[in-house]
Number of protein chains: 2
Amino acid sequence: MKNLLRRQFLQQVGLGIGAMALPALPTLAGLPPSRKLNVALCGLGRYAGYLAEGLAVSQYCRLAGVVSGTPAKLADWQKRYNIPPQNCYNYQNFDEIVANKAIDLVYVVLPNALHKEFTIRAAKAGKHVIVEKPMATTAADCRAMIAACKAAGVQLAVGYRLHYEPHHQELMRLGQQKIFGPVRHIDVSLGYRLDGADPNDWHFKKALSGGGPLMNLGVYCVQSCRYVLGAEPVAVTAQFGPVQHKDLYTEVEEAITWQLYFPGGVFCTSTSANNFGIDRFFASTDNGFFELSPAVSYGPFRGRTSQGELKFPDINQQAAQLDGIGRVLLAGEKLPDHIAGIEGLKDLMVLEAIYKAAETGRRVSINS
Amino acid sequence: MKNLLRRQFLQQVGLGIGAMALPALPTLAGLPPSRKLNVALCGLGRYAGYLAEGLAVSQYCRLAGVVSGTPAKLADWQKRYNIPPQNCYNYQNFDEIVANKAIDLVYVVLPNALHKEFTIRAAKAGKHVIVEKPMATTAADCRAMIAACKAAGVQLAVGYRLHYEPHHQELMRLGQQKIFGPVRHIDVSLGYRLDGADPNDWHFKKALSGGGPLMNLGVYCVQSCRYVLGAEPVAVTAQFGPVQHKDLYTEVEEAITWQLYFPGGVFCTSTSANNFGIDRFFASTDNGFFELSPAVSYGPFRGRTSQGELKFPDINQQAAQLDGIGRVLLAGEKLPDHIAGIEGLKDLMVLEAIYKAAETGRRVSINS
């Protein structure tokens, strides 16, 4: 991720100017200026509900279809959101979506380990894809997903909602443009309590989640370090936290801490945990600081800098993300790298290095 | 440090009630009720200036003497604070203080590695001692200092000013009394930039400092974890940060991160650094959080809890500490453990374990 390039892309997406037109993209046939991108949600868990709320107010996307393994959920969503029966799929007949002109994009909101399969199946059906983060459970899977979308001539986005969120866009600006001088250190942590959760929840099953809080929460911390610094980490050290709920955490970590080393001696510290709440971002710069807390949740955010309050409107983050991606796809343009599969791959390379560092107790290099 | 005992002591010191009278303490002869404790500052660096300001407004202590290796400093202080010439000492004739009835206590504010020698010399001269933190550069030195003071029948305090500071007393109360439920995690970091400092400053010389920011700043982080949890850590992992200013940091670390593990799966994360500023305390509890930022400097502090603002008067911290210690000594009572040498020893045991963990890359047990 080159600084200049990233900034240009952010400006393009943020301001909607000058995005590069691509010749070989699949056309969204018969596109009137006011047409919305027709989105099918694949996976109808909790977060799909948030996305449905975002789709309801999106200017560029609309909820057009659903995919689920649970017939009752399909029936419920079909009724609640007035979705035509022919736009509802289960996991068996999902590939038939290839023939459905009323679906432009599949938004994969399944457990992490299923992202790869359904992204590739959607791509093969000729649909653009947004896949929730983490993009997959391994960097190798990310590469396969990128390759499949490229081969199918569809675009692949990762659900990085905070790239479209004003507070975080300001963090990017403050960091990348060195508004308070160069950033010397970032401390960013995210934790949500899961200790009262159903033991059968997929988050506790490594085959479905790929890991514990690092995969689902730590990815935000890694992201924010990367996009605030506008740089890629070169190495990491990491430590698994103690397991407090031994009944729940037999397969994945309950808590993890790590230190991410960037070029020039800058380093970042993070904790992700499922046994306590934490939601904080802090950057120390040569001439001050900037921080958010809450920082990563759906808002309202609260922030300050060494010069005063850091406050922007609290928005519908899901709608903003869908609008940002939808606008680019509707215009037949190429998604910027910071929201595309390459960004998810870079995160996964870091997450894999963090696990390796925690498992071995050694400093692990990251070759981006 | 037992919970109940600590809390009782805090209440005693905080409220000035019911401290235990000891039979065998040295009497401060001819003590009228309104007499102040006569303090000699040993070491006239920057922090001695803060202490002089505190002494000027202390109700229980007064600046009565000075000790310095620099004749010009002695002359300056003598004049500025109207100190009788017979209460001024250099490092050579310091032991003659034994005959000086006008000095009750020596406050050792020298570079860390000199704490041991001057504490023991002061004790042998029959003077009570306050020694700045870190108490010494090794746990073994702390033990020798405690033994010397015990043998001489004088009391030994460590300069833990935050034990007398209202925001931190509130952190102790919130943590130890589990006001928002048990504390599950603490993140506390302290960093001050020294990168523009004189390369000959003692902080960069291991023989004088005993180490880098861990010794001088990290000790606050370790302290706050211990006194908020009211518990002792059982193990630690740690990592040296990258060295950015290779000219300055040839002997001591420039930055360090560590993870402190307490009983019951609670863990704390910290960073101390001399190449960027950071000054934050955050505790996550079962039912909320409490935090301070700035947290450890001389104020004004700024804090909040999950229920609102955390705000107390910003006080002269040095005066409050001197009053807290002076009141106990003037009453001929025993200093509570939380301010005595045993507390400094416990911190040094943790600091030594942190260095060992950073040097070896291994998890190191702490046997308190």
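The model shown is predicted, which means the values in this text are computed figures rather than measured ones. (Residues numbered from 1 in each chain as written. Chains lettered and ligands numbered in written order. Predicted model: local features only at pLDDT ≥ 70, side-chain atom pairs only at ≥ 80, totals over all residues. Heavy atoms only, no water.)

K.L.:
Which residues make up the interface of chain A and chain B, and what values do they have?
P.N.:
Counting residues at the interface gives 33 residues for chain A and 34 residues for chain B. With a closest N to O distance of 3.7 Å, A:Arg193 and B:Asp286 form a salt bridge. Taken together, the elements giving at least two residues each to the side of chain A that touches chain B come down to β7 (183–191), β8 (235–240), β9 (255–261), β10 (267–273) and β11 (278–285) of chain A. Ranked by the residues each element gives to the side of chain A that touches chain B, the list is headed by β11(A), at five residues. Partitioned by chemical class, the residues of the side of chain A that touches chain B number ten nonpolar, 15 polar and eight charged. (Contact = heavy atoms within 4.5 Å. Salt bridge = Lys/Arg side-chain N within 4 Å of Asp/Glu carboxyl O. Helix = DSSP H or I, 4+ residues; strand = E, 2+ residues; numbered from the N terminus. Nonpolar A, V, L, I, M, F, W, Y, C, P; charged D, E, K, R; others polar.)

K.L.:
Outline the pairing of strand β2 (residues 61–67) of chain B, supporting the account with residue identities and numerical values.
P.N.:
Both faces of the sheet carry side chains from a regular strand, because those side chains alternate between them. All names here are of chain B. Taking burial as the measure, the seven residues of β2 include six buried ones, the bulk of the element. Of the pairings in the sheet, the one linking strand β1 (residues 37–42) to β2 comprises six bridges and is parallel in character. When the sheet's bridge partners are listed, Leu37 is paired in β2 with Cys61. A crossover links β1 with its parallel partner β2, the connecting element being helix α2 (residues 46–57), and its sense is right-handed. Where β2 lies against strand β3 (residues 88–89), two bridges are found, and the strand directions are parallel. From the neighbouring strand, Val66 faces β3, where its bridge partner is Cys88. What joins β2 to β3 is helix α3 (residues 71–80), and the crossover it makes is right-handed. (Buried < 20%, exposed > 50% of the residue type's maximum accessible area, 1.4 Å probe, protein only. Pairing = 2+ DSSP bridges. Right-handed = clockwise from strand over helix to strand, strands pointing away.)

K.L.:
Before we move on, could you go through the packing of helix α8 (residues 213–229) of chain A against helix α10 (residues 341–360) of chain A and cite the residues and values that matter?
P.N.:
Residue and element names in this part refer to chain A. Orientation of α8 relative to α10, taken along the N-to-C sense of each, is 115 degrees, at an axis distance of 10 Å. Overall, the two elements α8 and α10 adopt an arrangement that is roughly perpendicular. Between α8 and α10 the crossing geometry is right-handed. Two secondary-structure elements touch here, α8 through Leu214, Met215, Val219, Val222, Gln223 and Arg226 and α10 through Glu343, Lys346, Asp347, Leu348, Val350, Leu351, Ile354 and Tyr355. Grouping the constituent residues of the contact of α8 with α10 by class yields nine nonpolar, one polar and four charged. (Axes fitted to C-alpha atoms, helices over the stretch in contact; angles between N-to-C directions. Parallel < 35°, antiparallel > 145°, perpendicular 65-115°, else oblique. Left-handed = near helix turned anticlockwise from the far one by under 90°.)

K.L.:
Lay out the sheet that holds strand β5 (residues 128–131) of chain B with the relevant residues and their values.
P.N.:
Sheets are built from strands that pair by backbone hydrogen bonding, the pairs being arranged parallel or antiparallel. All names here are of chain B. Strand order in the open sheet made by the six strands is β3-β2-β1-β4-β5-β6, with parallel pairing throughout. Whereas interior strands pair on both sides, the edge strands pair on one side only; in this sheet they are β3 and β6 (156–158). Bridge count between β1 and strand β4 (residues 105–108): four bridges; the pairing is parallel. Within β4, the position partnered with Cys42 by the bridge is Val108. Across the sheet, α2 lies against β1, β2 and β4, angled at about 165 degrees from β1, the strand it touches most. Sitting on the sheet, helix α9 (residues 317–330) is in contact with β1, β2, β4, β5 and β6, with an inclination near 160 degrees to β5.

K.L.:
Explain the domain arrangement of chain A to me, using residue names and the numbers behind them.
P.N.:
Interfaces are frequently sized by the accessible area removed from exposure as the parts join. All names here are of chain A. Partitioning chain A into domains gives domain 1 (3–161 + 320–335) and domain 2 (164–312 + 347–365). Computed from C-alpha atoms alone, the centre-to-centre distance between domain 1 and domain 2 is 26 Å. Taken residue by residue, the interface counts 27 residues in domain 1 and 27 residues in domain 2. Where domain 1 abuts domain 2, roughly 2,300 Å² becomes buried across the two surfaces, and 56% of that area is made up of carbon and sulfur atoms. Counting the contacts that link domain 1 with domain 2 gives zero salt bridges. One can count eleven residue pairs in polar contact (both at pLDDT 80 or more) joining domain 1 with domain 2. For the side of domain 1 that touches domain 2, the secondary-structure elements that each account for two or more residues are α1 (3–15), α2 (46–57), α5 (139–152) and α9 (317–330). Looking at the side of domain 1 that touches domain 2, the element that brings in the most residues is α1, giving six residues. (Domains from an automatic or database assignment. Buried area = accessible area lost by both parts, 1.4 Å probe. Polar contact = N/O pair within 3.5 Å; in protein donor to acceptor, adjacent residues only side chain to side chain.)

K.L.:
So, the relation of the copies chain A and chain B: which residues are in play, and what are the values?
P.N.:
Once chain A has been moved 0.0 Å along the axis and rotated by 180 degrees, it coincides with chain B to within an RMSD of 0.0 Å. Here the symmetry operator amounts to a two-fold rotation axis. Using C-alpha coordinates, one finds that chain A approaches the rotation axis most closely at A:Gly361, a distance of 3.5 Å. Most of the interface of chain A is mirrored in chain B: 100% of its interface residues are interface residues there too. (Least-squares fit on C-alpha atoms with pLDDT ≥ 70 in both.)

K.L.:
So what's going on with the UniProt feature "domain: GFO/IDH/MocA-like oxidoreductase" (unreviewed entry) in chain A? Which residues, and what values?
P.N.:
Residues given the UniProt feature "domain: GFO/IDH/MocA-like oxidoreductase" (unreviewed entry) here are residues 169–272 of chain A. For residues 169–272 of chain A, the end-to-end C-alpha separation is 22 Å, with 28% helix and 27% strand making up the annotated structure. (UniProt positions renumbered as here; feature names shortened; annotations may be inferred.)

K.L.:
Any details on the pattern of salt bridges? Residues and values, ideally.
P.N.:
What the rule picks out here adds up to 34 salt bridges over all chains. Two residues, B:Lys311 and B:Asp314, come together in a salt bridge whose shortest N-O distance is 2.9 Å. Under the relative-accessibility criterion, B:Lys311 is labelled partly exposed at 40%. Beyond isolated ion pairs, a larger network of salt bridges with shared partners links A:Arg184, A:Asp286, B:Arg193 and B:Asp195.

K.L.:
With reference to specific residues and values, describe helix α4 (residues 115–124) of chain B.
P.N.:
Residues and elements named next belong to chain B. Most of α4 is tucked away: seven of the ten residues are buried. For α4, the set of buried residues is His115, Phe118, Thr119, Ile120, Arg121, Ala122 and Ala123. Turning to α4, the residues buried within the fold contact β1, β4, β5, α5 (139–152) and β6. Gly126 sits one or two positions beyond α4 and adopts a positive phi of about 80 degrees.

K.L.:
So, the packing of α5(B) against helix α10 (residues 341–360) of chain B: which residues are in play, and what are the values?
P.N.:
Residue and element names in this part refer to chain B. Running from N to C, α5 and α10 point in directions that differ by 170 degrees, and their axes come no closer than 8 Å. Overall, the two elements α5 and α10 adopt an arrangement that is roughly antiparallel. Facing Ala139, Cys142, Arg143 and Ile146 of α5, the residues of α10 in contact are Gly341, Ile342, Gly344, Leu345, Leu348, Met349 and Glu352. Along the lines of polarity and charge, the residues of the contact of α5 with α10 split into seven nonpolar, two polar and two charged.

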